[in-house]
Amino acid sequence: MALADLPEWSGDDTTITRTVELPSFMDAIAVVDRVAVVAEEMDHHPDIDIRWRKLTFRCSTHSAGKVTERDFKLARRIDDIVANQA
Ligand SMILES: C[C@H](O)[C@H](O)[C@H]1CNC2=NC(N)=NC(=O)C2=N1
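Residues numbered from 1 in each chain as written. Predicted model: local features only at pLDDT ≥ 70, side-chain atom pairs only at ≥ 80, totals over all residues. Heavy atoms only, no water.

Participant: Residue-level account of the sheet that holds strand 4 (residues 54-59), with values.
Facilitator: Pairing in this open sheet of 4 strands is antiparallel, and the strands run 1-2-4-3 from one edge to the other. Two strands bound the open sheet, and with one partner strand each, they are strand 1 (10-11) and strand 3 (47-51). Bridge count between strand 1 and strand 2 (residues 16-21): 2 bridges; the pairing is antiparallel. By the bridge assignment for strand 2, S10 is matched with T17. With respect to the sheet, helix 2 (residues 69-85) is in contact with strand 2 and strand 4, its orientation differing from that of strand 2 by roughly 10°. (Pairing = 2+ DSSP bridges. Helix = DSSP H or I, 4+ residues; strand = E, 2+ residues; numbered from the N terminus. Contact = heavy atoms within 4.5 Å. Axes fitted to C-alpha atoms, helices over the stretch in contact; angles between N-to-C directions.)

Here you go:
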């Protein structure tokens, strides 16, 4: 997979990012909770910036110092969660 397969995401070789606005703060926190479960399952964790209803996810493989397939897979899972929550 590549960034081109993730139209909601932008970034470069070191980090990919997506910002999304939810209808409410509690909806945003619900998304964070669900992403946390997936991140634990995958043992691969995004950086998450929470500003009221706006979430910004940044994915990078810290151990590799760059974006890897694990980041694309996590991004796809985040997209699925956001699509079901919004
Ligand atoms: C020990 C544990 O498996 C590693 O630290 C995992 C945890 N989550 C991770 N998340 C991300 N984004 N990059 C990593 O390299 C990483 N490594």
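Participant: Which residues make up the pattern of salt bridges, and what values do they have?
Facilitator: Under the defined criterion, the tally for this structure stands at 6 salt bridges. Across the pair E21 and R53 runs a salt bridge, and its minimum N-O distance is 3.1 Å. With a gap of 32 residues between them, E21 in strand 2 and R53 in the loop between strand 3 and strand 4 connect regions that are remote in the sequence. Residue E21 is classed as partly exposed on the basis of its relative accessible area, which comes to 48%. (Salt bridge = Lys/Arg side-chain N within 4 Å of Asp/Glu carboxyl O. Buried < 20%, exposed > 50% of the residue type's maximum accessible area, 1.4 Å probe, protein only.)

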